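# Descriptive structure summary
In case you want the letters, here they are:
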Amino acid sequence: VAEPTGLRAMNPTIPAPAARPQALSRMPAGDVDGLLTDIDDTLTRDGRLAASTFLALERLHRAGIRIVPVTGRSAGCAHMILKTWPVDAVVAESGGLYLARDPANGRLREVMHDDPAAVARDRAGVLAIAEEILASNVGFAPASDHPYRRVDVAIDWCEEIDPVPPAALAAAIARFHRAGYQARASSVHVNAWSGSFDKAPMALRCLREVWSIDEDQARARWVFIGDAPNDASMYEALPRSVGVANIGPMLDRLPVPPAYLTPASHGAGFEQLAEHLLRGRGG
């Protein structure tokens, strides 16, 4: 039997996930206070957010369910989302920072995983490795949101360019690892950073610091939905974790799979989760 990893290793009260996800219809939904959601290929399809998916977010918000996107996207993207979407906070750059409105005065605040000066210094080393990879001419490109990042570095492997071969993708991630940095692929980018942060620890920190929601409360009353291997820490942290159907081909490669699976893929799968949560609240 494999040893537990990540958050489950630090907190043995988190149960081991089932071998395969269950149908979404089997997930209890009557006591959910909040929803953490990935963005790319979870809310979107081909980089677009459908009006029906945005409406699902609005309906959840109006029903009193707090919504916190947890994304590999940039701080700049997170700022726009918090300003314009029906959400309550945003965890960005794979857990490098979060943005939220202060409950006391409504003002936006940004919280990084470490001292901002240390983050900027460490990021310079990650950038140097990224520049080496980009100079090797294997098909990568700087992520289009690179200028708006504060913590991590993102290299495009399939979003605005032809997909990079799997071997080249694996080699790029290994290059960051050899230099002592963290790196992994989302559905569109290779994200790399210095430090030990991840999506789940920063999401839990956000809930604790903004609304005084501890880890036990989060595990009991919050749901996460995602689509990719870089969501594994979220699947491990929350018993009610959901994958949209397009995660299916990657399930065997996930260290921790989601507990439940939507019938539909991408934003349509998110909409199915939203309906399930709203029915659970009698809406």
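For the structure given in this document, a descriptive report is provided here. (Residues numbered from 1 in each chain as written. Predicted model: local features only at pLDDT ≥ 70, side-chain atom pairs only at ≥ 80, totals over all residues. Heavy atoms only, no water.)

### Describing the overall build of the protein
Definition in use: Here a strand is any run of E in DSSP of at least two residues, a helix any run of H or I of at least four, and the numbering for each starts at the N terminus. Each radius of gyration reported is based on C-alpha atoms, and the globular scaling rule is 2.2 Å times the count of residues to the power 0.38. Exposure is judged per residue with a 1.4 Å probe applied to protein chains only, and the accessible area is read against the type maximum: over 50% gives exposed, under 20% gives buried, and values in between give partly exposed. Whether two residues are in contact is decided by their heavy atoms, any of which lying within 4.5 Å being enough. For the charge count, each Lys or Arg is scored as positive and each Asp or Glu as negative, with His and the chain ends excluded. We put the charge of a Lys on NZ, of an Arg on CZ, of an Asp on CG and of a Glu on CD.
Secondary structure assignment for the protein yields nine helices and 15 strands. The C-alpha atoms of the protein give 18 Å as radius of gyration, which agrees with the globular expectation for 283 residues (19 Å, within 12%). With the C-alpha coordinates aligned to their principal axes, the bounding extent of the protein is approximately 55 × 45 × 40 Å. Looking at the protein as a whole, 52% of its 283 residues qualify as buried. Look at the contacts in the protein between residues 6 or more apart in sequence, and 60% of them connect residues 24 or more apart. The centroid of the 29 positive side-chain charges in the protein is displaced by 4 Å from the centroid of its 34 negative side-chain charges.

### Description of the nonpolar core
Rules: Take the buried Ala, Val, Leu, Ile, Met, Phe, Trp, Tyr and Cys residues and link them wherever side-chain atoms come within 4.5 Å; each set so joined is a nonpolar core.
The biggest cluster of nonpolar side chains holds 38 residues, and the ones touching the most others in it are Leu35, Leu60, Leu273 and Leu277. Per-element tally for this core: the top contributor is helix H9 (residues 266-280), with five residues. Once residues within four sequence positions are removed from consideration, leucine 35 is found in contact with Leu60, Ile65, Arg66, Ile67, Val68, Trp222, Val223, Ile225, Phe270, Leu273 and Leu277. Within the second largest apolar cluster, 29 residues are counted, among which are Leu36, Cys206, Leu207 and Trp211.

### Description of the sheet that holds strand S1 (residues 22-23)
The test is simple: By this definition, two strands are paired if DSSP reports at least two bridges between them. Axis definition: a line fitted to C-alpha atoms, over the contacting stretch in the case of helices. Angles run 0 to 180 degrees between N-to-C directions.
What the six strands build is an open sheet, ordered S1-S15-S14-S13-S2-S5; its pairing is parallel. Only two strands of the sheet have a single neighbouring strand rather than two, namely S1 and strand S5 (66-69). Where S1 lies against strand S15 (residues 260-261), two bridges are found, and the strand directions are parallel. When the sheet's bridge partners are listed, alanine 23 is paired in S15 with leucine 261. Relative to the sheet, H9 contacts strand S2 (34-37), strand S13 (222-226) and strand S14 (241-243), its axis offset from that of S13 by approximately 165°.

### Quick notes on unusual backbone geometry
Positive phi, normally seen in glycine, also occurs at aspartate 41, with a value near 65°. Here aspartate 41 is to be found in the loop between S2 and strand S3 (44-45). Residue classification places aspartate 41 among the buried positions, given a relative accessible area of 15%. The phi dihedral of serine 212 is positive, around 60°, even though this residue is not glycine. Mapped onto the elements of the fold, serine 212 is located in the loop between helix H6 (199-211) and helix H7 (215-221).

### Observations regarding the environment of valine 242
Summarising the element assignment, valine 242 is placed in strand S14. Separated by 18 residues in sequence, valine 242 and tyrosine 260 place their C-alpha atoms 4.6 Å apart. Setting aside its immediate chain neighbours within four residues, valine 242 contacts Leu24, Met27, Val223, Phe224, Ile225, Gly226, Tyr235, Pro258, Tyr260, Thr262 and Leu273.

### Brief notes about the packing of aromatic side chains
Definition in use: Only the six-membered ring of Trp is used, alongside the rings of Phe and Tyr, when aromatic pairs are assigned; centres must lie within 6.5 Å, and planes under 30 degrees apart are stacked while those over 60 apart are edge-to-face, with the rest tilted.
Summed over the entire model, instances satisfying the criterion amount to four aromatic pairs. Their ring planes at 85° and their centres at 6.3 Å tell us that phenylalanine 54 and tryptophan 85 sit as a pair that is edge-to-face. In this pair, phenylalanine 54 is assigned in helix H2 (residues 51-62) and tryptophan 85 in the loop between helix H3 (75-84) and strand S6 (89-92), connecting sequence segments 31 residues apart. For tryptophan 85, a relative accessible area of 15% puts it in the buried group.

### Side note on the packing of helix H4 (residues 116-135) against helix H5 (residues 166-178)
Applicable threshold: Handedness of a crossing is defined here by the sense of rotation of the near helix relative to the far one, left-handed for an anticlockwise turn of less than a right angle and right-handed for a clockwise turn. Throughout, the ten residues Ala, Val, Leu, Ile, Met, Phe, Trp, Tyr, Cys and Pro are labelled nonpolar, Asp, Glu, Lys and Arg are labelled charged, and all others, Gly among them, are labelled polar.
At a minimum axis distance of 10 Å, the contact between H4 and H5 shows a crossing angle of 145°. In the packing of H4 onto H5, the handedness of the crossing is right-handed. Facing Val126, Ile129, Ala130, Glu132 and Ile133 of H4, the residues of H5 in contact are Ala172, Arg175 and Phe176. When the residues that make up the contact of H4 with H5 are grouped by side-chain class, the tally is six nonpolar, no polar and two charged.

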